[in-house]
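Chains, contacts and geometry: an overview
Chain by chain, the residues run as shown.
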Amino acid sequence: MTENTPIVLIENDSILAERMNFDLTKAGYQVSIADNARMGLDQIERLHPALIAIDRALPGETALTLVPHLRELGVVAPILLLMAHDTVADRIVCLESGADDYFLKPYHASDFLHTIGLYLHSNVGVGEQLKFGDLALDLVTHGVRRGDRSIELTVKEYELLRYLMSQPETELTREQILENVWGYDFLGESNVIEVYVRYLRLKLEKDGGKRLIQTVRGVGYVLRD
């Protein structure tokens, strides 16, 4: 359900902010708008939103500075960056900052609401899990454990791991991973996957954990013990 689900929107274009606020409110979300990073940070700390949308082109402290700061503070809510440019470099910088995804301008309400919905809704039954060796992923709570250790993942890290765990021992191409995790077709030399595999490996292999995500040269990746 969307009713009363809190979202913080940090957007300094007042006309665009009001339009997005109207669309989100009409869809049932509870929206708080900030026009700068400091105000947005205050609202996030006070409201603990379910999702945060930030314009990359903020004045002063940019979104690429704010996002890693939020992650350092322990914010695990999905973060979407609103971006005007769609290049491989833009995508990599966006995702390496700690954001979960990006939304390209010009703004279209239906596309934006669809993206929001992907992050905030789940129809998975209670108690369902994926397991591989000592690694367990809860499809309801999105919790991940390796042995006795709890692992905190961002939304995109979780989705990548879930996809790999759904097809263990299967060699998955980069094209398959991009389409199923990021939702777009393969785009040439993008190394978004490599960036996120590196993040996952660091978290999964902490404290001496054995490597589970294996590189298949010339193909992609496989979850293999």
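Up top is the structure these notes are about.
A few points on the structure. (Residues numbered from 1 in each chain as written. Predicted model: local features only at pLDDT ≥ 70, side-chain atom pairs only at ≥ 80, totals over all residues. Heavy atoms only, no water.)

1. Quick look at helix 5 (residues 109-120)
Operational definition: Only DSSP runs of H or I covering at least 4 residues are called helices, and only runs of E covering at least 2 are called strands; the numbering of each starts at the N terminus. A helix is expected to reach a length of 1.5 Å times the quantity of its residues less one. Think of it in three bands: residues with accessible area under 20% of the maximum for their type are buried, residues over 50% are exposed, and the middle band is partly exposed, with areas taken using a 1.4 Å probe on protein chains only.
A rise of 1.5 Å per residue sets the reference length of helix 5, with its 12 residues, at 16 Å; its end C-alpha atoms lie 16 Å apart and thus fit the reference within 8%. By the burial criterion, the buried members of helix 5 are Phe112, Thr115, Ile116, Gly117 and Tyr119.

2. Comments concerning the pairing of strand 2 (residues 29-34)
Filter applied, for reference: In short, DSSP must find at least two bridges between two strands for them to pair. Here the term right-handed applies to a crossover when the path leading from its first strand over the helix to its second strand runs clockwise, the strands being oriented away from the viewer.
Bridging between strand 1 (residues 5-10) and strand 2 involves six bridges; their strand directions are parallel. Each residue of the ladder has a partner; that of valine 8, found in strand 2, is serine 32. Viewed along the sheet, the connection from strand 1 through helix 1 (residues 14-26) into strand 2 turns out right-handed.

3. A closer look at the sheet that holds strand 11 (residues 213-216)
Strand-to-strand pairing in sheets goes through backbone hydrogen bonds, with the strands running parallel or antiparallel. Ordered by their spatial adjacency, three strands build an open sheet running 10-12-11, and the pairing between neighbours is antiparallel. Two strands close off the open sheet at either side, each with one partner strand: strand 10 (172-173) and strand 11. Both strand 10 and strand 12 (residues 220-223) contribute to a ladder of two bridges, which runs antiparallel. Of the residues in strand 12, the one forming a bridge with threonine 173 is glycine 220.

4. Quick word on the sheet that holds strand 3 (residues 51-55)
Operational definition: Here the axes come from fitting lines to C-alpha atoms, over the contacting stretch only for helices, and the angles between their N-to-C directions go from 0 to 180 degrees.
Read from one edge to the other, the open sheet built from five strands follows the order 2-1-3-4-5, with strand pairing classed as parallel. A single partner strand is all that each edge strand has here, and the edge strands are strand 2 and strand 5 (101-104). Between one strand axis and the next, the sheet turns by 25° as a mean value, whatever way the strands run. Where strand 1 meets strand 3, four bridges bridge the pair, whose relative direction is parallel. Bridge assignment links isoleucine 10 to a residue of strand 3, and that residue is isoleucine 54.

5. What about the pattern of salt bridges?
Going by this rule: When a carboxyl oxygen of Asp or Glu is within 4 Å of a side-chain nitrogen of Lys or Arg, the pair counts as a salt bridge.
In total, this model carries 13 salt bridges according to the counting rule given. Between glutamate 96 and arginine 198 there is a salt bridge, with the nearest N and O atoms lying 3.6 Å from each other. Remark: arginine 198 occurs in helix 8 (residues 192-204) and glutamate 96 occurs in helix 4 (residues 88-96); sequence separation between them is 102 residues. The class for glutamate 96 is partly exposed, based on a relative accessible area of 40%. Since its relative accessible area comes to 42%, arginine 198 is described here as partly exposed. Here glutamate 194 makes a salt bridge to arginine 174, at a shortest N to O gap of 3.0 Å.

6. As for the packing of helix 7 (residues 174-182) against helix 8
Stated precisely, the cut-off is as follows: Roughly parallel here means an angle under 35 degrees, roughly antiparallel means over 145, roughly perpendicular means 65 to 115, and every remaining angle is called oblique. Note on definitions: a residue-residue contact is assigned when non-hydrogen atoms from the two residues lie within 4.5 Å. The residue classification treats Ala, Val, Leu, Ile, Met, Phe, Trp, Tyr, Cys and Pro as nonpolar and Asp, Glu, Lys and Arg as charged. All others, Gly included, are polar.
Running from N to C, helix 7 and helix 8 point in directions that differ by 75°, and their axes come no closer than 10 Å. As far as their axial angle goes, helix 8 and helix 7 are roughly perpendicular. Across the interface between the two elements, Arg174, Ile177, Leu178 and Trp182 from helix 7 touch Val192, Ile193, Glu194 and Tyr196 from helix 8. In terms of residue class, the contact of helix 7 with helix 8 is built from six nonpolar, no polar and two charged.

7. Description of unusual backbone geometry
Look at the link from lysine 105 to proline 106: it is a cis peptide, with omega at 5°. Here proline 106 lies in the loop between strand 5 and helix 5. With a phi angle near 50°, histidine 48 is a residue other than glycine that sits in the positive phi range. Here histidine 48 shows up in the loop between helix 2 (37-47) and strand 3. Overall, histidine 48 belongs to the exposed group, its relative accessible area being 62%. Despite not being glycine, glutamate 169 has its phi angle at roughly 65°, a positive value. Positionally, glutamate 169 belongs in the loop between helix 6 (155-166) and strand 10. By relative accessible area, glutamate 169 is classed as partly exposed at 46%.

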